[in-house]
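# Fold and geometry: a report
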Amino acid sequence: MSVELGKIKTDKANRLARCTETDGWREEKEEGAMEAAVKDARRAKKKIDHKKLRRRIYNHRYLYLLIIPGMLALIVFSYFPMYGIQLAFKEFKYNLGIWGSPWVGWENFEKIFKNPDFWNAFKNTLIISFGKIITGFPVPIILALLLNELKSTKFKKVSQTVMYLPYFVSWIVMAGLISNIFSINTGIYGKVFQSFGVEPTMILGNPDYFRPLIYLSSIWKGAGWGTIIYLAALSGVDPSLYESARLDGANRFQQVWYITLPCLTFAISVNLILDIGGVMNAGFDQIFNLYSAGTYGVGDVLDTYVYRLGIADGKFEMSTAVGLFKSVINCILLLVANKSAKLLGQEGLY
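This write-up is about the structure you can find in this document. (Residues numbered from 1 in each chain as written. Predicted model: local features only at pLDDT ≥ 70, side-chain atom pairs only at ≥ 80, totals over all residues. Heavy atoms only, no water.)

It is at 9 Å that the axes of helix α10 (residues 207-234) and helix α13 (residues 265-277) come closest, and there the two elements cross at 150°. With respect to each other, α10 and α13 are oriented roughly antiparallel. Like other packed secondary-structure pairs, α10 and α13 cross with a definite hand, here right-handed. Contact residues: Ile-229, Tyr-230 and Ala-233 in α10; Ala-267, Ile-268 and Asn-271 in α13. (Axes fitted to C-alpha atoms, helices over the stretch in contact; angles between N-to-C directions. Helix = DSSP H or I, 4+ residues; strand = E, 2+ residues; numbered from the N terminus. Parallel < 35°, antiparallel > 145°, perpendicular 65-115°, else oblique. Left-handed = near helix turned anticlockwise from the far one by under 90°. Contact = heavy atoms within 4.5 Å.)

This is how it looks when you write it as structure tokens:
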């Protein structure tokens, strides 16, 4: 009797084990089928996405053709020269070329960091760049707000054209104009003072006036361009917002403060981030054409310092090291400015 009971229990256990194995196999099979279905769905989606992408590119093929020259210029002038960064870590030999010159590690950076001229140029770069931001950044915003309030469309267009024209003039021409204006002997500035019998104070070549001259000339040349950007942003403001504000009794100043300025916050934040990200570029063309030996102490920036090291002295490895240092600092400032804008509730670049 006990033997038969044992056989029955054994048979039940075997059947249960077979059922369990069958259920497990079915579950595994179902899971495998689900995974295969998911993979097939992903492949199908990728095919659909690729088809949509190809169709979108074909539909906008002329726009993509217009992008090609700009992309080629970016690749040729911005990406190809990157191979020369290695010069910052080498001792350049003319007969060996860039690739064949021996590596020296951080030696070039140690040399420039020990050079007092580098730190003077670094200090001037920060002072001039932040001075330009403080004095020049609000000007296009104010001009855009003023032009936006004008009722005369004709006067508005003429004003925009007059303000925008200096942007197309090169700094060489601008430097010539400034020299003709502020020259003591032949300039308008000198002639006016001499006509009153007053000895004019020298502006050009005077260290005390060099930085203010840089700030004012930068505003003169760049304010029109910035104004166009902000006016373009203002063109997208819904007019019904102003109508509602007028119905609520808001005056012109209140409309500007509570409607116009908030609509400019994105453009303002993006431009400010870009300006901070370019702090180490104080403006080579402007300063190179305006400064002289007497203003080196207050006007020599990293761009002009790199020019003297590389072109005048032939120390290409040193100038490359300074340029790489500039790029790293600019990148850090850009990331910090973008993160700060996001923490303040504004939209960043990415």
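Now for the nonpolar core. Membership of the largest hydrophobic core comes to 33 residues, with the highest contact counts inside it found for Ile-112, Phe-118, Tyr-230, Leu-302 and Val-322. Contact partners of Leu-302, with chain neighbours within four places excluded, come to Phe-118, Ala-121, Phe-122, Thr-125, Met-280, Val-322 and Lys-326. Core analysis: the second largest hydrophobic core is formed by 13 residues, Ile-178, Ile-214, Tyr-215 and Leu-290 among them. (Core = buried A, V, L, I, M, F, W, Y, C linked by side-chain atoms within 4.5 Å. Buried < 20%, exposed > 50% of the residue type's maximum accessible area, 1.4 Å probe, protein only.)

Turning our attention to helix α16 (residues 302-312). Along an α-helix, a turn takes 3.6 residues, which lines up residues three or four apart on a common side. Every buried residue belonging to α16 is among Leu-302, Asp-303, Thr-304, Tyr-305, Leu-309 and Gly-310, and all of these are buried. Contacts from the buried residues of α16 go to α5 (116-136), α14 (284-290), α15 (296-299) and α17 (316-343). Downstream of α16 by one or two residues, Gly-314 has phi in the positive range, about 75°.

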